[in-house]
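Okay, here's what each chain looks like letter by letter:
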Amino acid sequence: MTERSLQNPAVVTKNQHAHLDRPRVHELLATALRSPVVSVCAGAGYGKTSALHTFLQEYRAHKAWIRLSRHDNFRARFWENFTQAVSLNDKRLVARLADVGFPETDVDYEKYMRIPDESVDLQEKYVIVYDDLHLVYDKTVLHFLENCVHTPFPNITTVFVARAEPEINLIGMMAKGLVATITESDLRFTKGEIAEYLHLQGLTVSPQELAEICAGTEGWPFAVSLIARSLKRNPERPSYAYAAMKLNVFKLLETEALLAMSERLRRFLVRLSLVDHFSAELVRELAGDDALLEELPRVGAYVRHDSHTDAYLVNPLFLEFLRGRQDRLSAEEKRQTYLAAARWCSRNDYQIDAVSYYEKIGEYGEIVRIVFDMSTPIAESTARYFLKIFENTPPVIAKSIDIFPMMHLRLLLSLRQFAGAVALGHRYVRELEERPVSAFNDRVLSSVHVELGFASWLAAPETDVYDFDVHLARADTYRSRHPRPAITLANNQLIGPWASMVGTERKGSLDEYAQACSRTAATRTHAIAGNLSCLDELARAELYFVRGHLKLAEQFLLLTLQKTRERNQYDVRNRALLYLLRIAFAQGDYAKTEQVAGELETQLEVPDYSARYITYDIVMGWYRLMLGEPELIADWLKTDFEQGSASAPMFLGVFANRIRMRYFFLTRQYHKLLAFLEGSREMKRYLFGRIYVKTREALCCYHIKERDRALAALREAWEISHANEIVSAFVELGKDMRTLVAAALRDGNTGIPRDWLENIHRRSATFAKRQQIVIAAYRKANHLGDEIRLSPRETEVLTDLYQGLSRSETALAHNLSINTVKLVINTLYAKLNANNVSDLVRIAGEKRLIR
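Here is what the cut-offs are and how they apply
Residues numbered from 1 in each chain as written. Predicted model: local features only at pLDDT ≥ 70, side-chain atom pairs only at ≥ 80, totals over all residues. Heavy atoms only, no water. Salt bridge = Lys/Arg side-chain N within 4 Å of Asp/Glu carboxyl O. Helix = DSSP H or I, 4+ residues; strand = E, 2+ residues; numbered from the N terminus. Contact = heavy atoms within 4.5 Å. Core = buried A, V, L, I, M, F, W, Y, C linked by side-chain atoms within 4.5 Å. Buried < 20%, exposed > 50% of the residue type's maximum accessible area, 1.4 Å probe, protein only. pLDDT = per-residue confidence, 0-100. Phe/Tyr/Trp six-rings, centres within 6.5 Å; stacked < 30°, edge-to-face > 60°. Pairing = 2+ DSSP bridges. Axes fitted to C-alpha atoms, helices over the stretch in contact; angles between N-to-C directions. Expected span 1.5 Å × (residues − 1). Parallel < 35°, antiparallel > 145°, perpendicular 65-115°, else oblique. Left-handed = near helix turned anticlockwise from the far one by under 90°. Nonpolar A, V, L, I, M, F, W, Y, C, P; charged D, E, K, R; others polar.

## Considerations on the pattern of salt bridges
A full pass over the atoms with the stated rule returns 45 salt bridges. Close ionic contact of Asp 132 with Arg 67 constitutes a salt bridge, the shortest N to O distance being 2.8 Å. You can see Asp 132 sitting in the loop between strand 3 (126–131) and helix 7 (139–149) and its partner Arg 67 sitting in strand 2 (residues 62–67), a full 65 residues away along the chain. Here Asp 138 ties to Arg 75 by a salt bridge, and the two come within 3.2 Å at their closest N and O atoms. Here Asp 138, found in the loop between strand 3 and helix 7, pairs with Arg 75, found in helix 3 (residues 75–86); they are 63 residues apart in sequence, far enough to count as distant.

## Regarding the environment of Ala 830
Turning to its location among the elements, Ala 830 is positioned in helix 43 (residues 818–832). For the pair Ala 830 and Thr 667, spaced 163 residues apart in sequence, the C-alpha to C-alpha distance is 5.6 Å. Excluding its chain neighbours within four sequence positions, the residues that come into contact with Ala 830 are Pro 630, Leu 666 and Arg 668.

## Observations concerning the nonpolar core
Leu 269 and Tyr 513 are the most contacted members of the largest nonpolar core, which has 226 residues in total. With near-sequence residues (within four places) excluded, Tyr 513 lies in contact with Trp 457, Tyr 466, Phe 468, Ala 499, Ser 500, Met 501, Val 502, Leu 535 and Ala 539. Core analysis: the next-biggest nonpolar cluster, separate from the first, contains 36 residues, Ala 64, Ile 115, Val 141 and Leu 142 among them.

## Observations concerning the confidence of the model for the chain
The predicted model of the chain averages 85 in pLDDT, with 89% of residues at 70 or higher. Predicted confidence for residues 1–19 stays below pLDDT 50, and this span has 82 contacts to residues more than four positions away or in other chains.

## So, the packing of aromatic side chains
Within the structure shown, the criterion is met by 39 aromatic pairs. Here Tyr 338 and Tyr 357 contribute two aromatic rings whose centre-to-centre distance is 5.9 Å and whose plane-to-plane angle is 25°, an arrangement assigned as stacked. Note that Tyr 338 is positioned in helix 19 (residues 331–347) and Tyr 357 in helix 20 (residues 351–360), a separation of 19 residues in sequence. Exposure class is identical for Tyr 338 and Tyr 357. Each is buried.

## Some details on the sheet that holds strand 2
Strand order in the open sheet formed by 5 strands is 2-3-4-1-5, with parallel pairing between adjacent strands. Each edge of the open sheet is held by one strand with a lone partner, namely strand 2 and strand 5 (179–182). Across this sheet, the average inter-strand angle for adjacent strands is 15°, counted without regard to direction. Each of strand 2 and strand 3 is contacted by helix 3, which is oriented at about 155° to strand 2, the strand it contacts most.

## Observations regarding the environment of Ile 128
Relative to the elements of secondary structure, Ile 128 occurs in strand 3. Given the relative accessible area of 11%, Ile 128 is considered buried. C-alpha separation for the pair Ile 128 and Ala 85, spaced 43 residues apart in sequence, amounts to 9.2 Å. Not counting the four nearest positions on each side in its chain, Ile 128 is found in contact with Ala 64, Ile 66, Ile 156, Thr 157, Thr 158 and Val 159.

## Quick word on helix 39 (residues 734–747)
Compared with an ideal rise of 1.5 Å per residue, which puts 14 residues at 20 Å, helix 39 spans 20 Å between its outermost C-alpha atoms and is within 8% of the ideal. Those residues of helix 39 not exposed but buried are Gly 734, Met 737, Leu 740, Val 741, Ala 742, Ala 743, Ala 744 and Leu 745. If you follow the buried residues of helix 39, they end up packed against helix 36 (687–703), helix 37 (707–721), helix 38 (728–731) and helix 40 (754–781). Looking at the residues trailing helix 39, positive phi occurs at Gly 748, about 70°.

## With respect to the pairing of strand 4 (residues 156–162)
Burial within strand 4 is extensive, with 7 of its 7 residues counted as buried. Residues Ile 156, Thr 158, Phe 160 and Ala 162 of strand 4 are buried on one face, and the alternating residues Thr 157, Val 159 and Val 161, pointing to the opposite face, are buried as well. Where strand 1 (residues 37–41) lies against strand 4, 5 bridges are found, and the strand directions are parallel. Bridging from a neighbouring strand, Val 40 pairs with Val 161 of strand 4. Two elements, strand 3 and strand 4, share 6 bridges in a ladder whose sense is parallel. Residue pairing for strand 4: Asp 131 is matched across the bridge by Val 161.

## Brief notes about unusual backbone geometry
The backbone of Asn 568 shows a phi angle near 55°, a positive value even though the residue is not glycine. By the secondary structure assignment, Asn 568 is in the loop between helix 30 (550–567) and helix 31 (570–587). Assessed through its relative accessible area of 30%, Asn 568 is described here as partly exposed. At Lys 705, a residue that is not glycine, the phi angle is positive and equals roughly 70°. You can see Lys 705 is positioned in the loop between helix 36 and helix 37.

## Quick notes on helix 40
In this model, helix 40 (28 residues) spans 41 Å end to end at C-alpha, consistent with the 40 Å of a helix rising 1.5 Å per residue. Here helix 40 has its buried residues at Trp 756, Leu 757, Asn 759, Ile 760, Ser 764, Ala 765, Phe 767, Ala 768, Gln 771, Val 774, Ile 775 and Tyr 778. Where the residues of helix 40 are buried, they touch helix 31, helix 32 (590–602), helix 33 (612–626), helix 37, helix 38 and helix 39. At the C-terminal side of helix 40, His 783 shows a positive phi close to 55°.

## Observations regarding the environment of Ala 61
Relative to the elements of secondary structure, Ala 61 occurs in the loop between helix 2 (48–57) and strand 2. Residue class for Ala 61 comes out buried when judged on its relative accessible area of 10%. Taking C-alpha positions, Ala 61 is 9.7 Å from Asn 155, a pair spaced 94 residues apart along the chain.

## Details of the packing of helix 37 against helix 39
Running from amino to carboxyl end, helix 37 crosses helix 39 at an angle of 100°, the nearest separation of the two axes being 11 Å. By the criterion of interaxial angle, the relationship of helix 37 to helix 39 is roughly perpendicular. Facing helix 37, whose interface residues are Arg 707, Ala 710, Leu 711 and Leu 714, helix 39 presents Met 737, Leu 740, Ala 743, Ala 744 and Asp 747.

## Some details on the side chain of Thr 157
You can see Thr 157 is positioned in strand 4. Thr 157 has contacts with Leu 33, Ser 35, Pro 36, Val 38, Lys 125, Tyr 126, Val 127 and Ile 128, leaving out every residue within four places of it along the chain.

## What about the packing of helix 20 against helix 22 (residues 380–391)?
Packed helices, taken two at a time, are described by the angle between their axes plus the distance between the axes. At a closest axis distance of 12 Å, the pairing of helix 20 and helix 22 adopts a crossing angle of 15°. As the angle between them shows, helix 20 and helix 22 are arranged roughly parallel. Helix 20 and helix 22 meet at a crossing whose hand is left-handed. Every residue of helix 22 that contacts helix 20 at Ile 352, Val 355, Ser 356 and Glu 359 is listed here: Thr 382, Tyr 385, Phe 386 and Ile 389. Residues that form the contact of helix 20 with helix 22 fall into these classes: 5 nonpolar, 2 polar and 1 charged.

## A look at the pairing of strand 1
For a regular strand, side chains alternate in direction, first toward one face of the sheet and then toward the other. The buried count for strand 1 comes to 5 of 5 residues, which makes it a mostly enclosed element. Side chains Val 37, Ser 39 and Cys 41 project from strand 1 onto one buried face, and the interleaved Val 38 and Val 40 project onto a second face that is buried too. Where strand 1 meets strand 5, 4 bridges bridge the pair, whose relative direction is parallel. From the neighbouring strand, Val 40 faces strand 5, where its bridge partner is Ile 182.

Quick look at the structure:
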């Protein structure tokens, strides 16, 4: 994060009650900002924002000011607001935050934390302000903010400004003295400050009148400000000013503020209250000429320009007052205001707000354009919001927008409603084919068939129908009638956790799918159909790989890399590199594994690949686990499994869970893994996923001495896989599968053919040997020798176990949770190749790991 990226945002709507330097309040703020968290809590009109904003202008730090509103309970809107605030002028950071998306789960938050890890300068001070937090009630947004205050960066201070105590759990931090609080009593004007403020306004009051003002206002800054304005108009009647304030604040606002304005300015301010953004650029556009802006100083402290943010600051009570007069505007005045605000929001990447304004005035064409320009898949909460608008669009308007049907389908796909998208696509086709032939109609039909092909591909695991190529061929037909630039899917489309979108174990299903991919490559439209354009070679490579034909698989993988390089299909390329890595282990070729790892690294330099950091972590996680280094995988992959997270980009949750399954097994968290395997609905959607589930279930049960259940699960895995000749899913489990299959051979009554068991036993034994060759070469290349590297925490836990402490005693001694201690012990098991605590202590003694 740079100095420019953390300036105050262009949206701050607050008051500056009194142009009074308040050393007492500034001293409180200076002290408070030394804490990791500051809570500024006071009612309306206490100058919370004003005092903090004024102080921060001179405070040496990187600053981000996030002005919250009721719209920020919509997570996608909050994320746009947050992203713009913390990334102002840093387009690269904006793109990275947009790619990650709003972190709806703790797992998502771990992914998000990669960004500040790489961006925060530990030598610099950062202040992040969340203003008007009382307007936010969405529990997921609040949970994100709660995570933020527990940031590991000691140089970041988070400030919450609200009218009520924030609904965030700060109790633990308060107990440790890590939260500074500023309340109404701190912000009230003292008698001396009221006197000084009146003096600065050129007003003189008697001691009795001053006492009356102090008692009546109780130091409420907004009331003091109103009384001062009234006294300027009626200097001889201070008691009248106080009585008027006490009678009705809004009435006094009307008397004191509106009387000084022209009718034109009054209407402009009411128009301004229709929007939530007060950027100087937008305010100028709404004003239409400089003469109106020159009149704004007459409003005084209620509306003023802030040169630091180039935004107008509006008193919140005055804004509420103005909103109560919006019924006096004409329909055309409202329309022009919303239109200008929508265009400004769209230009400045506040797309959710832009859509909201466009919807108010029925500009559905602009809404569709915004949706079209968004990266796909669209985040679930955003897609639901847009889908509701699409469903409420008047049919006559929907029929006039050529990309409307295509985007309607794409929203359903973003919501993973694959079968629904196929049904809707066929409905659109029937309706369009009934219309008279025209260039417009053919263009729409072409785009619908492209999207329908994509939907059919996504739905294939459930339907067992592989006709997506048919729709692309039909798109060819309609395009050929009226050649013109095609409406394409984005290049950064994500593919599934496997190339084969097959869900059934029916014999021949994998071959039928691969053939459909080949037919897709023969269409002209395939080149615009996103990732479908590169699946031909990858699907064939995967088919050869799972059947154990590694040389043929490698040939097709190299062709895949060539094609993805030409067509910028980064996710397909990522999967191809993973398969090459797996082949390198099966061949015992360490040099090849490092070459593939280097290729993966280059994908991190491709900004158009939105999932590059996540998929890199996943593939490198597999690599690290195969090297026997579970502690080196990304932290977010060590967390609980993702159960169909709504925030996870399409398919990436299942892809990541494949790595978690291996991690939890390697670190001996068998019961936790079994609990996931019993559910894992998303994983079981795929043929390969079901095989993964059953093989891991078999191994886990065998390790926890449930032999019969283990052999039953192995039989199920064989039943799912044998019709399509799948063997690699068993072979890659190496020595663990070899041991389990040996038990099955000894049993002799599993119902699994003996020749199949002997084949898997032989191949898994060979794989285990070649894996050890790669591990040995890796350790030698990195000068690791036989040395076992332990983290400080692992050393502490191992020492305690060596000294005879129980898990609970170890947890208490180091202020850890019992689950954390168990996780560390499981990691030690994997590192030392131990089976139990006694084994662990013995090996630790032999290797002199205890000092």
